[in-house]
Amino acid sequence: MFLKILNFFLVLLLILVSVTLYKTDSKYSVLKKELKKKEILINDQLNYINKNNTLHEFNIKKNLKKLEFPKTISLDIELYKNKQTIDFYKSNNQLVRGINNYFPGSGYLEVYENKLFLISAAGLFAYTSNLNVDAITFNQINNNINEFLSLDEINKENWFSVKDLLVANDHVYVSFTNEQKKNCWNTSIIVAKLNFDYLNFTNFFEPKNCIKTIGNDDQEFNAHQSGGKLFKYDDSNIIFTTGDYRLRKLAQDENSTFGKILKLNTNSKKYEILSLGHRNPQGLFYNSSKDFILSTEHGPHGGDEINLNLNTKIIKNFGWAISSYGEHYGGKDNPTNISKYKKYPLHKSHKDYNFVEPLKYFVPSIGISQLVEIKEDKFLLSSLKDKSIYTFTLNKNYELVEFKRIEIGERIRDMTYNNEKREVILFFEDTASIGILSIE
């Protein structure tokens, strides 16, 4: 009798649990659908805002309006044991189209013959000779950049944008994400003779191949991993970084220009590979007297790097995507990553697999960006995610020493150094501000 009563209650309990789970699952399904609808609505609203931001910036470009950056705040920092000040100049809601953020805008900076040049993510181009005042005013230069990077391409996703700016030997070089074929992208370069009335850009370097947004071998695509950094090598050559767009195998393919640092001849436009095994190098510096390249590299989940290429006449391999101190997104315990780790193991050594070890790596990632030399063998490094700058020194053995973090509180997209005025000029993309840091 007892067993019958017990069985009855167990059956009843099972029924109650099943009904409860069914109702809960039904409610959960409804909730998931509602959340999905809200997510779609929010994305639609963000896309609408982003497209209007781009149109706003395009109109400012079309009307050739002066760009005003009034001075806002000053920040005192300690740099190599010296007290220094960064003065902030904030965009007057004119740069509004960001690369990472929907708002405000992103930009890149370059100093040439005591003028500061600025290019926005959407192709607005301007210059100024007047710094260290209450407001920085940039004069626009009319240009045809958007014949190569169109409004429709920019509106597809924030990561489709200008990637860097270089002015050298009276020529302006601009790197950008290039839709070579429909939904197939690479990082290309256009060039124009420096002219303050009109910049007439033409193709300078365009890789033969492109990476499809859908249906490539790794079934992934990310144009944040596009590289694009430019630097002068000598009077006849520039150097240029390219990312792998998350098609990882190309970084080790010597027949591909993806995941490389290239030397490009400015006359013949032919290229040489200086190094391979790169994921997304976005910081670049070349010392011509000592013949070395310093580059910065975005890792996956962790594993940002500072890399050194001593003797650029010998091709170096920095290991991606075989070695990395980071992990694939989701990590090793994620079942969807099993095949990814078999193909791209991310060994925790470079040297053991005949690759060049990074000078320094970061776990977790800092969102590493640009680096500049401010005194002989003394460098300043910037970050996006960590919103900080860092000082370090290269000693006589090319070891990285005296590394120090200085919190700023803003994503730093780019930096350049004015050697004559001994100033570091930074672009902060959380507020679309320019920072001026005098070096004593």
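Counting of residues starts from 1 at the beginning of each chain's written sequence and follows it residue by residue. Where local features are concerned, this predicted model is filtered to residues with pLDDT of at least 70; where side-chain atom pairs are given and counted, the filter is 80 or more; whole-chain, interface and lining totals use all residues. Only hydrogens and water are set aside when side-chain values are computed; all heavy atoms of the structure are taken into account.

Examining the state of the cysteines
Cysteine sulfur atoms are paired as a disulfide whenever they come within 2.5 Å of each other. Under the defined criterion, the tally for this structure stands at 1 disulfide. Two residues share a disulfide in this structure: Cys 184 and Cys 210, whose sulfurs sit 2.1 Å from each other. Taking the torsion about the sulfur-sulfur bond, which here is approximately 100 degrees, the covalent link between Cys 184 and Cys 210 counts as right-handed. Of the two residues, Cys 184 sits in strand 10 (residues 184–193) while Cys 210 sits in the loop between strand 12 (202–205) and strand 13 (211–212), which places them 26 residues apart along the sequence. Comparing Cys 184 with Cys 210, the two get one shared label, buried. Numbering of helices and strands starts at the N terminus; helices are DSSP runs of H or I of at least 4 residues and strands are runs of E of at least 2. Only protein chains enter the accessibility calculation, which uses a 1.4 Å probe; a residue is then buried when its area is under 20% of its type maximum, exposed when over 50%, and partly exposed in between.

Observations regarding empty space enclosed by the protein
Lining residues are defined by having an atom within 4 Å of a point belonging to a cavity or pocket. Those points lie on a 1 Å grid over the protein atoms alone, cavities being sets where a 1.4 Å probe fits but cannot get out and pockets being open sets with protein on both sides within 12 Å along at least five of seven lines. Grid points are joined across faces, edges and corners, and a volume is the space filled by probe spheres set on the points. Under the criterion given, the structure shown has 6 cavities of 30 Å³ or more. Taken together, Tyr 108, Lys 163, Gly 227, Gly 228, Lys 229, Pro 281, Gln 282, Ser 369, Leu 384 and Arg 413 make up the lining of the largest cavity. Secondary structure elements with two or more residues in the lining of the largest cavity: strand 14 (227–234) and strand 18 (281–287). Three classes are used, and their members are as follows: Ala, Val, Leu, Ile, Met, Phe, Trp, Tyr, Cys and Pro are nonpolar, Asp, Glu, Lys and Arg are charged, and the others, Gly among them, are polar. Considered class by class, the residues forming the lining of the largest cavity number 3 nonpolar, 4 polar and 3 charged.

Focus: the sheet that holds strand 20 (residues 304–310)
Overall, antiparallel pairing links the 4 strands, which are arranged 18-19-20-22 in an open sheet. Single-partner strands in this sheet number two, and they are strand 18 and strand 22 (360–362). Between one strand axis and the next, the sheet turns by 15 degrees as a mean value, whatever way the strands run. Pairing analysis gives 6 bridges linking strand 18 to strand 19 (residues 292–297), with the strands arranged antiparallel. Bridging across to strand 19, Asn 287 finds its partner in Phe 292. One requirement defines pairing of two strands: DSSP has to find at least two bridges between them. Orientation is described by axes fitted as lines to C-alpha atoms, over the contacting stretch for helices, and by angles from 0 to 180 degrees between their N-to-C directions.

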